[in-house]
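Structural characterization, general
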Amino acid sequence: MLFKIASIAALASSVAAHMDMTEPCSRFSPYCATRPPLPAGILDYDYSINNPIPYDGSVFKSETKWTKPVASWTAGQPVTVKFQAGGAAHGGGHCQFAISYDNGKTAAVVHEVMKHCFFNGPSNSNVADILEYTFDLPADVPASSNAQFIWIWNNAIGNRELYTGIADITIANSGGSKSYTGKSAIYPNHEGYGSIPEFNGDYTTGLSLFENAPNVVVSPDGSAAPPPVPEYSSSAVESKTVAPPVGHTPTSQSSAEPTFEVTATKHLTDSVYTSSAPTAAPTGSACTHGALQCISGNAGFQECVWGVWSATFACGPGTVCQQTSPDTVVCSWA
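What you see as residue numbers is a count from 1 along each chain, following the sequence as written. Given that this is a predicted model, residues contribute local features only at a pLDDT of at least 70 and side-chain atom pairs are listed and counted only at 80 or more, while totals for whole chains, interfaces and linings are drawn from all residues. Hydrogens and water molecules were not included; the side-chain quantities draw on all heavy atoms of the structure.

Helix and strand content of the chain: 2 helices and 19 strands. Expressed as a percentage of the 334 residues in the chain, the buried residues total 55%. At a minimum sequence separation of 6, the contacts of the chain that also span at least 24 residues come to 70%. Total accessible area on the chain stands at roughly 13,900 Å², and carbon and sulfur atoms take up 52% of it. Only DSSP runs of H or I covering at least 4 residues are called helices, and only runs of E covering at least 2 are called strands; the numbering of each starts at the N terminus. Burial status follows relative accessibility: with a 1.4 Å probe on protein chains alone, a residue under 20% of its type maximum counts as buried, one over 50% as exposed, and anything between as partly exposed. Residue contacts follow a heavy-atom distance rule, with two residues in contact if any of their heavy atoms lie within 4.5 Å. To measure how exposed things are, a 1.4 Å probe is used in the Shrake-Rupley method; for residues, cover is taken only from the protein chains shown.

So, on to the pattern of salt bridges. Opposite charge on two side chains lets them pair, provided their charged atoms get close. What counts as a salt bridge is simple: a side-chain nitrogen of Lys or Arg found within 4 Å of a carboxyl oxygen of Asp or Glu. Under the definition given, this model contains 3 salt bridges. A salt bridge links E23 to K82; the nearest nitrogen and oxygen atoms lie 3.8 Å apart. Of this pair, E23 sits in strand β1 (residues 21–23) while K82 is found in strand β3 (residues 78–83), placing the two residues 59 residues apart along the sequence. Its relative accessible area of 36% is what places E23 among the partly exposed residues. For K82, a relative accessible area of 30% corresponds to the partly exposed category. We note a salt bridge from D168 to R27, for which the minimum N-O separation is 2.7 Å. In this pair, D168 is assigned in strand β8 (residues 163–172) and R27 in the loop between β1 and β2 (71–74), connecting sequence segments 141 residues apart. Accessibility assignment for this pair places D168 and R27 in one class, buried.

As a further point, take the environment of V141. One can find V141 in the loop between β6 (132–136) and β7 (144–155). Residues V141 and S177, spaced 36 residues apart in sequence, show a C-alpha to C-alpha distance of 6.7 Å.

A separate point is the sheet that holds β1. Taken in spatial order, the 3 strands make up an open sheet running β1-β3-β6, and their pairing is antiparallel. Pairing within the sheet leaves two strands with one partner each, and these edge strands are β1 and β6. The mean angle between the axes of side-by-side strands here comes to 30 degrees, regardless of whether they run parallel or antiparallel. Where β3 meets β6, 5 bridges bridge the pair, whose relative direction is antiparallel. Between any two strands, at least two bridges found by DSSP are needed for them to pair. Fitted lines through C-alpha atoms give the axes, limited to the stretch in contact for helices. The angle between two N-to-C directions lies from 0 to 180 degrees.

A few words on the environment of G104. With respect to the secondary-structure elements, G104 resides in the loop between β4 (93–100) and β5 (108–113). Here G104 falls in the buried class, since its relative accessible area comes to 9%. Placed 41 residues apart in sequence, G104 and E63 show a C-alpha to C-alpha distance of 8.4 Å. Excluding residues that lie within four positions of it along the chain, G104 makes contacts with F60, Q148, I150 and Y187.

Our focus in this paragraph is the packing of aromatic side chains. Geometrically, a pair of aromatic rings is defined through the distance of the ring centres and the angle of the planes. Ring pairs are drawn from Phe, Tyr and Trp, using the six-membered ring of Trp, whenever the two centres fall within 6.5 Å, and their geometry is named by plane angle: stacked under 30 degrees, edge-to-face over 60, tilted for the rest. Here the structure, examined in full by the defined rule, presents 16 aromatic pairs. Considering the side-chain rings of F83 and W151, the 5.0 Å spacing of their centres and the 65 degrees angle between planes classify their relative orientation as edge-to-face. A residue pair is termed long-range when its members are at least 10 positions apart, and F83 in strand β3 and W151 in strand β7 qualify at 68 residues. Aromatic rings pair up to connect W73, F97, Y133, F135 and F149 into one cluster. Directly above the ring of Y45 sits R35, whose terminal nitrogen or CZ lies 4.2 Å from the centroid. In our convention, an over-ring charge means Lys NZ or Arg CZ found within 6 Å of a ring centre and within 35 degrees of that ring's normal.

So, about the nonpolar core. The nonpolar side chains of a soluble globular protein tend to be buried with one another. Nonpolar core, defined: a set of buried Ala, Val, Leu, Ile, Met, Phe, Trp, Tyr and Cys residues in which side-chain atoms within 4.5 Å join the residues together. Counting residues in each nonpolar core, the largest one holds 36 residues, and the members touching the most others are F97, F118, F149 and W151. Breaking this core down by element, the ones donating at least two residues are β2, β3, β4, β5, β6, β7, β8 and β10 (215–218). Within the second largest apolar cluster, 12 residues are counted, among which are I53, A98, I150 and Y187.

Our next topic: the sheet that holds β7. An order of β2-β8-β7-β4-β5 is seen for the 5 strands of this open sheet, with the pairing classed as mixed. In this open sheet, the two strands that pair with only one neighbour each are β2 and β5. Each neighbouring strand pair of the sheet contributes to a mean axis angle of 35 degrees, computed without reference to strand direction. Examined bridge by bridge, β7 and β8 share 8 bridges and lie antiparallel to one another. If you follow Q148 over to β8, its bridge partner there is D168.

Written out as structure tokens, the structure is:
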């Protein structure tokens, strides 16, 4: 099954300016007070830097590094992250701040602002109350002249979107730490990471996805990635879909948000949904990561994402869910 964004409203929303991390300066942002020269092959600054990240492909606007680091930080000391004024803040949402040593392939969270990022509390405003955050960089973050700082934001109001920034930094650490272990940074509303519904006033929406993220080890000597989020596949379904399921059941959805819908006709074969091989779930979790199950009445199915059952996905008209193995369900003709 293909996962794709096919919403004209979602495409139109990308025209508006949103938020951009300007300190440390996101790669090729034109909005930073100071920035290095552009590297060879990059012809101009990215004036669309504050647009949403496309659903598929890289989770960053650029995987090419600045010509030199844009900030020098020290483990155990306060650091400040700043954002461009005038961007659309979409009522807040969830922000993660993470460190990577392999150009973002693996990233460990060092700070989070859940629910009300850019605001002091619940808000329907598009104008941010808060444009900078100061927090202590963990004392055991290893030293490196080639580290990356990553900001990730999932908005509370509007189309289901993902915003990120990645900045090239140096880190000093006199303590000799060789690695840092923290929760893995995740990228909801991007292919393979699940989606977070519009909050509709419930700022706990999607929190379980972050809370159940596995730990990851990051190090200049090599980082250990967390298990992947399972994805669906089908050989015989026409569909209009967004992301794989989430560990949150929404009470309602934005009218601008695409929905997961399976359509089928009699000439199509059964729809088969298979997750990746299940991986051990976090201690105390309700289900095993990667498992699939038919719901009561067999009208659809759920997926276990990091120990939490997702919202329900309906089978196509005229079909019912059948469990064929712990990691496979089939929507077949009744």
